[in-house]
Amino acid sequence: VALLLVLPLVTASAGPHPTRPIALTDVLPAVAEAAPDPGGDFRITADTEISATESALAVAGQLAEALRPATGFDLRLVRASRGPVIDLALEPGHPDEGYRLEVRQDRVELRATYPAGLFFGVQTLRQLLPPEIESDTVQRRRWTVPGGRIHDRPRYAYRGAMLDLARHFHTAAEVRAYIDQISRFKINYLHLHLSDDQGWRIRIDSWPRLTEVGGAPGTGVGGDGGGFLTKDDYRELVRYAAERYITVIPEIDMPGHVNAAQVAYPELACDGVAPRPRTDMRVGYSSLCVREETTYRFVEDVIRELAEMTPGPYLHVGGDETFATPHGSYLAFQRRVLPLVRKHGKIPYGWHEIGQSPAAGDALLQFWGRERDNPMVNTAVAAGAKLVMSPANRTYLDMKYDSLTPGGLDWAGAIEVRTAYDWDPDGLLADVPATAILGVEAPLWSETLRDYADIEFLAFPRLVAIAELGWSPARSHDWESFRARLGTYGSRWVRQDVGFHRSPQIRWS
Ligand code: TNX
């Protein structure tokens, strides 16, 4: 009798913490609908199989791979199974990117109309397993998935993250690590800021000095680092992201933020004189020469080469903080450049200032302001433009959490987790209808980001707040719920060695 009593106690205390069972709703970002079934828990064992139809095979393989390190199980991929199974298949009738996940005692069923939905469903399933699943070494414990049914779908079609490779270059391997992390939270666009006053970070064959000079060592802020992506690096990133259902958007910032290009090619400046290289953090002092034809040859070559290696629909042409470009010149520039983007098969995308141009048409505008009313945005939206919401005082991941945060900037104010979470993308701009909002994006500018640890510290957990605003239904928006789910997610990051900010607003477990 004594032995029988002792055994369950031993099992219950296995692992570093006494574990509370995971609920079907313990997911980041919050799922749209969940109906728990306490009798339907499913247990993954070495005998579990993963079955998938041809079109679901790739995601099924990703699931098997995700489960392998911590469970030690080499789960078999099969076409059909009679035993305990996690079954993945496509079927019509689900919203784009949406999925249904049903967990019963004898099987788990994941269904979506497109593979992207299956992939997002897999991200949910991973979070329904105990946090030890994140370990890269075998953990001895029970792998139980809580029973019930989830119907999930995104609120917005666009859920983005931006990484600035210009102020401090980050290697392709670091970008891949970031892709791994953001894909957990159903982010589906990665915007790469590839050029700025300090450096030029993407190879352009027809203008080779851009990276030879602008990507040289010492071109980071403060004379740090430097470097650039080769075309192969870039193509490989596009592929790596696509495997995680993330679309890469390249940005070349113009007509401002071009000092590095002019150091490499002085003919891009109106006086034809190369400016001195700049590695300080000031903005708004450089401009392409709007009246020179050379400028448009340059711009079209860059757009063409970028478009050629970018399968996604958008090409971002910057357009922000052009204090060195007179207003009339700015409009003249955009009248030439925005059509060039369309000519090369892409939808023009820019910071919201491009909304001043009648040529913006149905372009995508990234709103980074803090105001509730912006006349240039209103006009552009009335003419058919769509908006991605990146208000600096909510979504800028490079802002400090509080005055004590090491690194980060503070011009848009300190942003603690609740500030990043507690706003509504549809309701921010007074005169913009909800139908014009395509989604949200969390930009991470890199003036103060010297290494990958700096990226993790500023991005997490705030990126998750923006991911939830982008994915979860407005009616589920609830700080207490978000805060509780984030608190339990912390132990997953610990196991993944992600150096996140232990915000005092969250009870981390
Ligand atoms: C503003 S907002 C910028 C960037 C800086 C950032 C720093 C916007 C479109 N441009 O040039 O890196 O602030 O937070």
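Being a predicted model, the structure only gives us computed values, none of them experimental.

Calculation criteria
Residues numbered from 1 in each chain as written. Predicted model: local features only at pLDDT ≥ 70, side-chain atom pairs only at ≥ 80, totals over all residues. Domains from an automatic or database assignment. Contact = placed C-beta atoms within 7 Å. Nonpolar A, V, L, I, M, F, W, Y, C, P; charged D, E, K, R; others polar. UniProt positions renumbered as here; feature names shortened; annotations may be inferred. Helix = DSSP H or I, 4+ residues; strand = E, 2+ residues; numbered from the N terminus. Buried ≥ 20, exposed ≤ 12 C-beta atoms within 10 Å, placed from the backbone. Pairing = 2+ DSSP bridges. Axes fitted to C-alpha atoms, helices over the stretch in contact; angles between N-to-C directions. Near = placed C-beta within 6 Å. Parallel < 35°, antiparallel > 145°, perpendicular 65-115°, else oblique. Left-handed = near helix turned anticlockwise from the far one by under 90°.

A look at the domain arrangement of the protein chain
When cut into domains, the protein chain gives domain 1 (21–152) and domain 2 (158–475). One C-alpha centre belongs to domain 1, the other to domain 2, and the line joining them spans 35 Å. At the interface, eight residues of domain 1 touch 11 residues of domain 2. Looking at the side of domain 1 that touches domain 2 residue by residue, the class counts come to seven nonpolar, one polar and no charged.

Regarding the UniProt feature "active site" (unreviewed entry) in the protein chain
As annotated in UniProt, the feature "active site" (unreviewed entry) corresponds to Glu321 in the numbering used here. Tracing the backbone through its elements, the reader meets Glu321 in the loop between β13 (314–316) and α9 (327–343). Classification of Glu321 as partly exposed rests on a count of 17 C-beta atoms within 10 Å. The residues touching Glu321, leaving out its near neighbours within four places in the chain, are Gly256, His257, Val283 and Gly284.

Digging into the sheet that holds strand β4 (residues 76–78)
Within the open sheet, the seven strands sit side by side as β1-β9-β6-β7-β5-β3-β4. Their pairing is mixed. Bordering the open sheet on either side are β1 (33–36) and β4, each of which pairs with just one other strand. Each strand of the sheet is rotated relative to its neighbour by a mean of 10°, with strand direction disregarded. The pairing of strand β5 (residues 85–90) with strand β7 (residues 107–112) spans six bridges and is parallel. Each residue of the ladder has a partner; that of Ala89, found in β7, is Arg111. Where helix α2 (residues 57–71) meets the sheet, its contacts fall on β3 (49–52), β4 and β5, and the angle it forms with β3 comes to roughly 165°.

As for the UniProt feature "domain: Beta-hexosaminidase bacterial type N-terminal" (unreviewed entry) in the protein chain
According to UniProt, the "domain: Beta-hexosaminidase bacterial type N-terminal" (unreviewed entry) feature falls on residues 26–152. Measuring from the first to the last C-alpha atom of residues 26–152 gives 13 Å, for a span that is 23% helix and 31% strand.

Remarks on unusual backbone geometry
Here the residue pair Leu28 and Pro29 is connected by a cis peptide bond, since its omega of -10° sits within 30 degrees of zero. Counting through the fold element by element, Pro29 comes out in the loop between α1 (2–12) and β1. The amide bond that connects Phe460 to the next residue, Pro461, takes the cis arrangement and shows omega of 15°. Tracing the sequence through the fold places Pro461 in the loop between α13 (452–459) and α14 (462–471).

Structural notes on the site of the ligand
For the ligand, the full set of nearby residues is Val283, Asp320, Glu321, Trp351, Trp368, Ala392, Tyr396, Asp398, Leu409, Trp445 and Glu447. Considering only residue class, the shell around the ligand consists of seven nonpolar, no polar and four charged.

A look at the packing of helix α4 (residues 172–183) against helix α6 (residues 231–243)
Close contact between α4 and α6 brings their axes to 10 Å; oriented N to C, the two are set at 10°. Relative to α6, α4 is oriented roughly parallel. For α4 against α6, the interelement crossing comes out right-handed. Facing Ala172, Val175, Arg176 and Ile179 of α4, the residues of α6 in contact are Asp233, Glu236, Leu237, Tyr240 and Ala241. Residue composition of the contact of α4 with α6, by class: six nonpolar, no polar and three charged.

Some details on the environment of Ile347
Residue placement: Ile347 occurs in strand β14 (residues 347–351). Given 17 C-beta atoms within a 10 Å radius, Ile347 is considered partly exposed. Sequence-distant contacts of Ile347, that is, excluding residues within four places in its chain, are made with Pro313, Tyr314, Ala363 and Leu364.

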